[in-house]
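Examination of the molecular architecture
Here's the letter readout for the chains.
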There are 6 protein chains.
Amino acid sequence: MNKPIYYEQYQIGDTRSAYGRTITEADIVLHAGQTGDFYPHHMDAEWCKTQEFQRRIAHGTLIFSVGIGMTAGDINPVAFSYGYDRLRFIKPVFIGDTIYAKVTIKEKRDHPKRTNSGFVVELVEVINQHDELVLVCEHLLLTEKQSV
Amino acid sequence: MNKPIYYEQYQIGDTRSAYGRTITEADIVLHAGQTGDFYPHHMDAEWCKTQEFQRRIAHGTLIFSVGIGMTAGDINPVAFSYGYDRLRFIKPVFIGDTIYAKVTIKEKRDHPKRTNSGFVVELVEVINQHDELVLVCEHLLLTEKQSV
Amino acid sequence: MNKPIYYEQYQIGDTRSAYGRTITEADIVLHAGQTGDFYPHHMDAEWCKTQEFQRRIAHGTLIFSVGIGMTAGDINPVAFSYGYDRLRFIKPVFIGDTIYAKVTIKEKRDHPKRTNSGFVVELVEVINQHDELVLVCEHLLLTEKQSV
Amino acid sequence: MNKPIYYEQYQIGDTRSAYGRTITEADIVLHAGQTGDFYPHHMDAEWCKTQEFQRRIAHGTLIFSVGIGMTAGDINPVAFSYGYDRLRFIKPVFIGDTIYAKVTIKEKRDHPKRTNSGFVVELVEVINQHDELVLVCEHLLLTEKQSV
Amino acid sequence: MNKPIYYEQYQIGDTRSAYGRTITEADIVLHAGQTGDFYPHHMDAEWCKTQEFQRRIAHGTLIFSVGIGMTAGDINPVAFSYGYDRLRFIKPVFIGDTIYAKVTIKEKRDHPKRTNSGFVVELVEVINQHDELVLVCEHLLLTEKQSV
Amino acid sequence: MNKPIYYEQYQIGDTRSAYGRTITEADIVLHAGQTGDFYPHHMDAEWCKTQEFQRRIAHGTLIFSVGIGMTAGDINPVAFSYGYDRLRFIKPVFIGDTIYAKVTIKEKRDHPKRTNSGFVVELVEVINQHDELVLVCEHLLLTEKQSV
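Note that residues are indexed from 1 along each chain, following the sequence as it is written. To read the labels, note that chains go from A and ligands from 1, taken in the order they are written. At least 70 in pLDDT is required for a residue's local features to be given in this predicted model, at least 80 for side-chain atom pairs to be given and counted, and no such filter applies to totals for whole chains, interfaces and linings, which use all residues. Think of the side-chain values as coming from all heavy atoms in the structure, minus any hydrogens and water.

1. Comments concerning the overall build of chain A
Heads up, the rule is: The secondary structure listing takes helices from DSSP runs of H or I that are at least 4 residues long and strands from runs of E that are at least 2 residues long, numbered from the N terminus. When a residue's accessible area, from a 1.4 Å probe over protein chains only, is under 20% of the maximum for its type it is buried; when over 50% it is exposed; and in between it is partly exposed. We call two residues in contact whenever any of their non-hydrogen atoms come within 4.5 Å of each other.
Within chain A one finds four helices and six strands. Reading chain A from its N end, one meets helices and strands in the order β-β-α-α-α-α-β-β-β-β. Considered along the principal axes of its C-alpha atoms, chain A spans approximately 60 × 30 × 25 Å. A burial count over chain A gives 57% of its 148 residues as buried. By sequence separation, contacts in chain A at least 24 residues apart represent 70% of the contacts at least 6 residues apart.

Okay, structure coming up:
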């Protein structure tokens, strides 16, 4: 389960995807409970009827957390998650929508200081059942170089 | 509870903070359950003993989601959350650590195309009980201009 | 966030309210799980069809707990929650109903023995989306007097 | 499971009790998540160290909800829960405390208007593992009379 | 609550049943979260539309766990749960189905080695609201003999 | 992710294993909440002190559900889960124990009636951090034959 993949082995353009997941009312209730974000956008169906989308929408942090969780594959013991760039909430996700996550190796970047590792930039795209992009971000995977 | 704050009213350097929150084993179990990320870094205390930090660590998406949730204040009906930049996991958060979130208005930026709104950039810093920075990111708040 | 409000400062007739919250099937499932109350009134949709309301109803303790949670505001470091009087379940709350909580300072009462504090009686009213009162109670806030 | 017990059959002084239950950190986390009450008294172990009890305390509504849930027995189809009086939080409950609930038929009271039913007043006492009373309240059970 | 029932006292053919329980979307989400089983059969409503049953189905381990939980009665201090035989998933359970559990004493069997106890075999049947058998198993209760 | 594996392709003796998982107090609380099994063996730390193991033990259905969930791999579209045989609870699992699941193809058996499929019998073994077997069962996978 734990096979090292070194910086040199990542191929730009490679993709991986995962099973889909329907976002339920229960997911939103649980995420409010975990984060303490009980904003009416997520929790008050009556108030939402008076707003643009007319329905409760999932928390951005929920779709991000689930999207990232969905893409988790095998452990790479020579890499670790450094952070995320350009996280954008493109479209709202509603109760009953089903989301899919796709990861594409977008770029490889040397580390500014360390010569023995580099950044593998994974483009994470989350789409809904209508093939609409709902969330996008770039995952920075700090990865050891094999050659060093 | 819903008072409009326009782009012009945000003052660079203004800060707000929130009550602290102790990250519990239950939080990690619930976050694994919500996201499907059951990596041994979070779930297997025995395996963790063999690793650098020797203890289970909280998911990055958990600390991000809770940190953002902690900073939620009143609703600003003339702004919405556009996304996050430069999200970085600086230090691990362990079971029993207490985290605090602080938001600082860092920058204001015109929207490249729309003249009637601009980006308010909030620097979100999450620190632990030892005053160590554990997570940082920039929140982009797309905010209407009053003058238009 | 922690500003002392002394007994003398509470004004009878003052009110505060909060965002609404839609009571979901997930809330009922979670409340049954927390309390161990799996009565068919809350958990068995088929049995409920044979009863007066024909639908599952939320636990009274759920509506009370959420209603009280909704009214939580800033911390008053010179007051603490002494208890509740006259808690009444006026109407059932069904899955999908949205509830709102309103707090009114109803009465101020000297403590029978302590001269340095008194009871601030908050009337807590929970209404549904049809403006029907579903739950009512009186919260006793034991509050320090400033003058002493 | 559903045996009618009429007003006349309740005997003042009769008691029933239930299995104990240890209040866990997970219970508090789940209750905060259900109610939205993330006050530092329950959630911030560091802040609690600076307070009187030095430890996180369970929400009053948690102990009430669990205590009531623990005493749920068979369904009485000729009675329903009318409300609660004199709910008092006598002592704090800490993580790891074990609570026990005991119900005593305390009083029977005619309904002021309806002649065909009356109030059975159940005294609910919740004690901890040191036999200290932590919560007390009176449950009003509106019960049909058989004789009518 | 804890009355010993010895091997000799169990009567073949005796039955007990329990309140019903509606299986909700929240139950499936919580069970996925507890077990880590996020298979699309349970979690992806879109994928399920392309499959035989066209709807999400509850995890087998969820129906088993809830079915067993529903039949828990008083504690028998002279018996313990040894295991289960012939657990079969006869029909799928869908969101909104209501299940009922029935236990029948099916057989009594001497323990091959211990003379002071024997196996009481409980047939556990879980049916849905259409009286269809959805799950069946045999529970082995290792029970002390009184005569020894 | 969905690669058909036919009956003929399963090799007796093949094994697969999975990441470990520490069983937490939160898991037990959540399982009690899902199943309604609040027996003091799992929930009352004080009562447990007076019993043989002196500590709370995990529900058998929890260890079974998690153990099965841990072994979930890719979907085999030509097989489905028929049931389980000989499920045995060998040793108790305590809070803080870490469990590991191992699956071994133990046997292949023709279906008594259907010629186009057969049973692949998977031996599921769950061990703890002391390499002690805590749970064992046989999983019956009804699998299509390719040759037909």
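2. Regarding the UniProt feature "domain: MaoC-like" (unreviewed entry) in chain A
Put simply, the rule reads: UniProt positions are given in the numbering used here, feature names are shortened, and annotations may be inferred rather than shown by experiment.
Taken from the UniProt record, the annotation "domain: MaoC-like" (unreviewed entry) applies to residues 12–114 of chain A. With 30% helix and 28% strand, residues 12–114 of chain A has end C-alpha atoms that lie 21 Å from one another.

3. Here we look at the packing of aromatic side chains
Selection criterion: Between 30 and 60 degrees the pair is tilted, below 30 it is stacked and above 60 it is edge-to-face, where a pair is any two Phe, Tyr or Trp rings, Trp via its six-membered ring, whose centres lie within 6.5 Å. Geometrically, a charge over a ring is one whose NZ (Lys) or CZ (Arg) sits within 6 Å of the ring centre while staying within 35 degrees of the ring normal.
Scanning the model with the defined rule gives 33 aromatic pairs over all chains in all. Among the aromatic residues, ring-to-ring pairing joins Phe64, Tyr84 and Phe89 of chain A together with Phe64, Tyr84 and Phe89 of chain B into one connected group. A cation over an aromatic ring shows up here: Arg55 of chain C above the ring of Phe94 of chain C, its NZ or CZ 3.6 Å from the ring centre. One Lys or Arg, Lys108 of chain D, reaches over the ring of Tyr7 of chain D and ends 5.0 Å from the middle of that ring.

4. Here's the deal with the pairing of strand β3 (residues 79–89) of chain D
The line we're drawing: Think of it this way: DSSP has to see at least two bridges between two strands before they count as a pair.
Pairing of strand β3 (residues 79–89) of chain C with β3 of chain D, which is carried by four bridges, proceeds in the antiparallel orientation. Pairing of Tyr84 of chain C across the sheet is with Leu87 of chain D, part of β3 of chain D. The sheet contact formed by β3 of chain D and strand β6 (residues 133–144) of chain D spans eight bridges and is antiparallel. Its bridge partner being in β6 of chain D, Phe80 of chain D is matched across the sheet by Leu142 of chain D.

5. A closer look at the interface of chain A and chain B
For interface size, the figure often reported is the accessible area lost on association. How we decide: The term buried area denotes the loss of accessible surface (1.4 Å probe radius) that occurs when two parts are joined, taken as the sum for both partners. The term salt bridge refers to a pairing of a side-chain nitrogen on Lys or Arg with a carboxyl oxygen on Asp or Glu at a separation within 4 Å. Under this definition, polar contacts are N or O atom pairs within 3.5 Å; protein pairs additionally need one hydrogen-donor-capable and one acceptor-capable atom, and for neighbouring residues in sequence, both atoms have to be side-chain atoms.
Contact residues are listed per partner, giving 34 residues for chain A and 34 residues for chain B. With both sides pooled, the region where chain A packs onto chain B buries about 2,600 Å², and carbon together with sulfur makes up 54% of that total. Applying the counting criterion to the chain A and chain B interface returns two salt bridges. Put simply, Arg88 of chain B and Asp85 of chain A hold a salt bridge, and the shortest N to O gap is 3.0 Å. Joining chain A to chain B, the criterion identifies 15 residue pairs in polar contact (both at pLDDT 80 or more). Elements supplying a minimum of two residues to the side of chain A that touches chain B: α1 (25–35), α2 (40–43), α4 (60–71) and β3 (79–89) of chain A. No other element matches the nine residues that β3 of chain A contributes to the side of chain A that touches chain B.

6. Describing the nonpolar core
Our working definition: To form a nonpolar core, buried Ala, Val, Leu, Ile, Met, Phe, Trp, Tyr and Cys residues must be joined to one another through side-chain atoms within 4.5 Å.
Ile63 of chain A, Ile63 of chain B, Ile63 of chain C, Ile63 of chain D, Ile63 of chain E together with Ile63 of chain F are the most contacted members of the largest nonpolar core, which totals 145 residues. If near-sequence neighbours (up to four positions away) are discounted, Ile63 of chain B is found in contact with Ile23, Ala58, Val93, Ile99, Val126, Val134 and Leu135 of chain B.

7. Examining the pattern of salt bridges
In the structure shown here, the tally under the stated rule is 58 salt bridges over all chains. Residue Glu25 of chain A pairs with Arg56 of chain A through a salt bridge whose shortest N-O separation is 2.9 Å. Of this pair, Glu25 of chain A sits in helix α1 while Arg56 of chain A is found in the loop between α3 (45–48) and α4, placing the two residues 31 residues apart along the sequence. According to the relative accessible area criterion, Glu25 of chain A is buried, its value standing at 18%. Look at Arg56 of chain A and you get buried, because its relative accessible area is 16%. Here Glu138 of chain C ties to Arg86 of chain C by a salt bridge, and the two come within 3.3 Å at their closest N and O atoms. Of this pair, Glu138 of chain C sits in strand β6 (residues 133–144) while Arg86 of chain C sits in strand β3; the two residues are 52 residues apart in sequence, bridging distant segments of the chain.

8. Some thoughts on the relation of the copies chain A and chain D
What counts, and what does not: For the least-squares superposition of copies, only C-alpha atoms count, and only for residues with pLDDT at least 70 in both.
For these two chains of identical sequence, chain A goes onto chain D by a turn of 180° and a shift of 0.0 Å along the axis, with RMSD 0.0 Å. When the rotation and shift are considered jointly, the pair of chain copies conforms to a two-fold rotation axis. Among all residues of chain A, the one whose C-alpha sits closest to the rotation axis is Gly33 of chain A, at a distance of 1.7 Å. When you check the interface residues of chain A against chain D, 100% turn up at the interface there too, and the contact is symmetric in its surfaces.

9. Some words on the interface of chain A and chain D
To keep it simple, the criterion reads: Under this grouping Gly is polar, as are all residues other than the nonpolar Ala, Val, Leu, Ile, Met, Phe, Trp, Tyr, Cys and Pro and the charged Asp, Glu, Lys and Arg.
Listed per partner, the contact involves five residues of chain A and five residues of chain D. Contact with chain D buries surface across chain A, with Gly33, Gly36 and Phe38 of chain A losing the most and accounting together for 90% of the total. On the surface where chain A and chain D come into contact, there are zero residue pairs in polar contact (both at pLDDT 80 or more). Of the residues that constitute the side of chain A that touches chain D, the class distribution is two nonpolar, three polar and no charged.

10. Some thoughts on empty space enclosed by the protein
Operational definition: Put plainly, a pocket is an open set of points on a 1 Å grid over the protein atoms alone with protein on both sides within 12 Å along at least five of seven lines, a cavity is a set where a 1.4 Å probe fits but cannot get out, and a lining residue has an atom within 4 Å of a point. Grid points are joined across faces, edges and corners, and a volume is the space filled by probe spheres set on the points.
Within the structure shown, the criterion is met by eight cavities of 30 Å³ or more. In this structure, the largest cavity encloses a volume near 520 Å³. Lining the largest cavity are 29 residues, with Leu30 of chain B, Leu30 of chain C, Leu30 of chain D, Leu30 of chain E together with Leu30 of chain F positioned closest to its centre. Counting only elements with at least two residues in the lining of the largest cavity, the list comes to α1 of chain A, α1 (25–35) of chain B, α1 (25–35) of chain C, α1 (25–35) of chain D, α1 (25–35) of chain E together with α1 (25–35) of chain F. Here the residues of the lining of the largest cavity sort into 13 nonpolar, 12 polar and four charged.

11. Remarks on the relation of the copies chain A and chain B
Each copy of the chain is related to the other by a rotation around an axis and a translation along that axis. Superposition of chain A onto chain B requires a rotation of 180° combined with a translation of 0.0 Å along the rotation axis, giving an RMSD of 0.0 Å. When the interface residues of chain A are mapped onto chain B, 100% of them again fall at the interface, so both copies present the same face.

12. Let's talk about the pairing of strand β5 (residues 117–127) of chain A
Residues and elements named next belong to chain A. Buried residues dominate β5, accounting for nine of its 11 residues. Direction of pairing for strand β4 (residues 98–110) relative to β5: antiparallel, over a ladder of 10 bridges. Its bridge partner being in β5, Tyr100 is matched across the sheet by Ile127. Of the strand pairs in this sheet, β5 and strand β6 (residues 133–144) are connected by 11 bridges, and their pairing is antiparallel. In the sheet register, Val121 faces β6, and the bridge partner there is Leu140.

13. What to know about the packing of α1 of chain C against α1 of chain D
What counts, and what does not: Lines are fitted to the C-alpha atoms to define the axes, a helix being fitted only along its stretch in contact, and any angle between axes, read from their N-to-C directions, falls within 0 to 180 degrees. Comment on the angle field: the value is read as roughly parallel under 35 degrees, roughly antiparallel over 145, roughly perpendicular from 65 to 115, and oblique elsewhere. Put simply, a crossing is left-handed when the front helix is turned counterclockwise from the back one by less than a right angle, and right-handed when it is turned clockwise.
Where α1 of chain C meets α1 of chain D, the axes come as close as 11 Å, and the angle between the chain directions of the two elements is 155°. Taken together, α1 of chain C and α1 of chain D sit at an angle that is classed as roughly antiparallel. For α1 of chain C against α1 of chain D, the interelement crossing comes out left-handed. Residue-level contacts link Asp27, Leu30, His31 and Gln34 of chain C of α1 of chain C to Asp27, Leu30, His31 and Gln34 of chain D of α1 of chain D. Its residues assigned to classes, the contact of α1 of chain C with α1 of chain D comprises two nonpolar, four polar and two charged.

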